[in-house]
Number of protein chains: 2
Amino acid sequence: MVRRTGRRPGNPDTREAILAAARSAFAEKGYDGASIRAIATGAGVDPALVHHYFGTKDKLFLATMNSPIDPIDIITEATDGDRDEIGVRFVRAFLRMWDGPRGAAAVALLRSVVGTEWTTKLFREFIITQVLRRAVPRLGLDPAEASLRVTLAASHLVGLAMARYVIKVEPLASVPSETLVAAIGPTVQRYLTEDLPGVFPEA
Amino acid sequence: MVRRTGRRPGNPDTREAILAAARSAFAEKGYDGASIRAIATGAGVDPALVHHYFGTKDKLFLATMNSPIDPIDIITEATDGDRDEIGVRFVRAFLRMWDGPRGAAAVALLRSVVGTEWTTKLFREFIITQVLRRAVPRLGLDPAEASLRVTLAASHLVGLAMARYVIKVEPLASVPSETLVAAIGPTVQRYLTEDLPGVFPEA
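Because the structure is a prediction, the values reported are computed rather than measured.

Colleague: Whenever I open this one, the domain arrangement of chain A confuses me. Can you help?
Modeller: By a widespread convention, an interface's size corresponds to the accessible area lost as its parts come together. All names here are of chain A. Under the domain assignment, chain A is made up of domain 1 (12–64) and domain 2 (71–193). Using only C-alpha atoms to locate each centre, domain 1 and domain 2 end up separated by 26 Å. Contacts between the two partners involve 11 residues from domain 1 and, on the opposite side, 10 residues from domain 2. In total, domain 1 and domain 2 occlude about 950 Å² of area from one another, counting both sides; carbon and sulfur atoms represent 63% of this. When the buried area of domain 1 at its contact with domain 2 is split by residue, Ala27, Phe61 and Leu62 rank highest and sum to 47% of it.

If you want it as C-alpha cells, here you go:
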C-alpha cells in the first residue's frame, strides 16, 4: 500500500528513499541477492512504486551508482559496424562520454568507487552485472574467453579515465581524443578479437 | 639549530613532523616549489636533519607518498636486457611488486590517490617528477615522444592495478601473473617502442 501522506509518487523524498535502500541492499547482498521487494520494504513503499520510478532492476542499479551512462549503449555503438574496427569505435564512444556533459558525473563516480570497501564492492557488482553479464554477450565472443578479454580492455579504459580525467597527467590529459583512439583502439581490438598467445590455448 | 629537547635525531616524532610538513608543502607548492629549507622550517627542525632522515628530496617525496617502490627500480629492471622484451619485463616487474609484500601498501596508496584533490595532486607530482622526469630518460626514447608513450603505458598499468587489486574483478583478479604478462606485455612494448600511426608523424 502506498501511503496517502509522506512518500508518494512524484515526491523526491520517495525517490531518494528508494535509492538509499537500494544502495545499502546492493552493497550488502550484491546485485542478485538484493530483491526489489526487500528494497521496497527498506524504503517503506510498495514494490510497484520502485518499478514506477526506475523501471527494471538494472536501471535501478545504474541509478544507485549514479552511472552517467548505460554500458550497453557504448557496446551497442562499438559493435555497430565493421568487426575489425570494434576497438577504435569502443575507445571513441568511451572518450565521447567522458568528454561530454556527463563527464563530470563519471569523474565523481570513479573517485567514489575506490573510496571505501562498500563503494568498491558496488562497482565490482556493476562490472559483473551491467558490463560482463548484460552487455558482453552482444560482442559475440567465445564465452570461454569473453570475460578475460573484456576485463583486459576494461582495465585499460578505467586506467585511461583515471590518468586523463582524474589525475590529469600530461600530455595524456590534453591530447586530442582521436590521438588516443589511434593509440588505444588497436589494443582494445587485440584484447577483444585477436589471438592472444600465452593467454588462451592456440586454436 | 636542532633543539636539545623534543624533536631529536632518532625521535619518531621528528620523522613524522618532517613528513607532515613535506606532505603539505608538496601538495601546496608542488615538488619543485617545495624547498627542503621550507619543509624543515615547517617541521621546526634544521634542514640537515631532513637530509639525515630522508636523504634526497626525491626520497623524501617517495616517503611522503608512502610509495611502496621507487619507480626507477621497475624501469631499471625493464631496461635490463633485450629491447624487444621491454614491455614483457615491465609488466612482470610491475605485477611482482603488487603481488609481493609491498602490495598492500600499493593498494592503500592507489585508494588514497583519488580520495581528495590534494592527494590527487600529489600523485600527479609523483608521476611527473619520479616517473617522467627521473626514470623515463633511462628508457632511451625520442624525447619528443617519451612522455606520451610512457603515460599511455602507465595509464594501462594503473588501470590493471585498479581492476586486479582494488576492484578485484574476475577473472582478471585471479589469472596467473604470467597470463597478464603475455597479454599486456606486447601492448606496453608497442606504446614504448613501436610505430604508432595516427599518434606520431610517420618517420
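Colleague: When you look at the packing of aromatic side chains in this model, what are you seeing that I'm missing?
Modeller: Each aromatic ring pair is specified by the distance between its two centres and by the angle formed by the two planes. As enumerated under the stated definition, the model contains 16 aromatic pairs over all chains in all. On the numbers, 4.8 Å between centres and 70° between planes, the contact of A:Phe26 with A:Phe61 is edge-to-face. Of this pair, A:Phe26 sits in helix H1 (residues 12–33) while A:Phe61 sits in helix H4 (residues 57–64), and the two are 35 residues apart along the sequence. Between the aromatic rings of B:Tyr31 and B:Phe61, the centroid separation amounts to 5.5 Å while the plane-to-plane angle is 70°, which identifies the pairing as edge-to-face. Of this pair, B:Tyr31 sits in helix H1 (residues 12–33) while B:Phe61 sits in helix H4 (residues 57–64), placing them 30 residues apart in sequence. Here B:Tyr31 and B:Phe61 have matching classes, each one buried. Through successive ring pairs, a cluster of aromatic residues spans A:Phe26, A:Tyr31, A:Phe61, A:Phe123 and A:Phe126. Above the ring of B:Tyr31, the side-chain terminus of B:Lys57 is found at 4.7 Å from the ring centroid.

Colleague: It is not clear to me how the interface of chain B and chain A should be interpreted in this structure. Could you clarify?
Modeller: Taken together, the contact between chain B and chain A spans 43 residues of the former and 43 residues of the latter. Of the roughly 3400 Å² buried between chain B and chain A, counting both surfaces, carbon and sulfur atoms make up 70%. Linking chain B with chain A are zero salt bridges, by the criterion used here. At the surface where chain B touches chain A, the tally comes to 12 residue pairs in polar contact (both at pLDDT 80 or more). Among the elements of the structure, helix H7 (103–113), helix H8 (117–135), helix H9 (143–166) and helix H10 (177–193) of chain B are those that each provide at least two residues to the side of chain B that touches chain A. No other element matches the 12 residues that H9(B) contributes to the side of chain B that touches chain A. Residues that form the side of chain B that touches chain A fall into these classes: 26 nonpolar, 11 polar and six charged.

Rules of the game
Residues numbered from 1 in each chain as written. Chains lettered and ligands numbered in written order. Predicted model: local features only at pLDDT ≥ 70, side-chain atom pairs only at ≥ 80, totals over all residues. Heavy atoms only, no water. Domains from an automatic or database assignment. Contact = heavy atoms within 4.5 Å. Buried area = accessible area lost by both parts, 1.4 Å probe. Phe/Tyr/Trp six-rings, centres within 6.5 Å; stacked < 30°, edge-to-face > 60°. Helix = DSSP H or I, 4+ residues; strand = E, 2+ residues; numbered from the N terminus. Buried < 20%, exposed > 50% of the residue type's maximum accessible area, 1.4 Å probe, protein only. Lys NZ or Arg CZ within 6 Å of the ring centre and 35° of its normal. Salt bridge = Lys/Arg side-chain N within 4 Å of Asp/Glu carboxyl O. Polar contact = N/O pair within 3.5 Å; in protein donor to acceptor, adjacent residues only side chain to side chain. Nonpolar A, V, L, I, M, F, W, Y, C, P; charged D, E, K, R; others polar.

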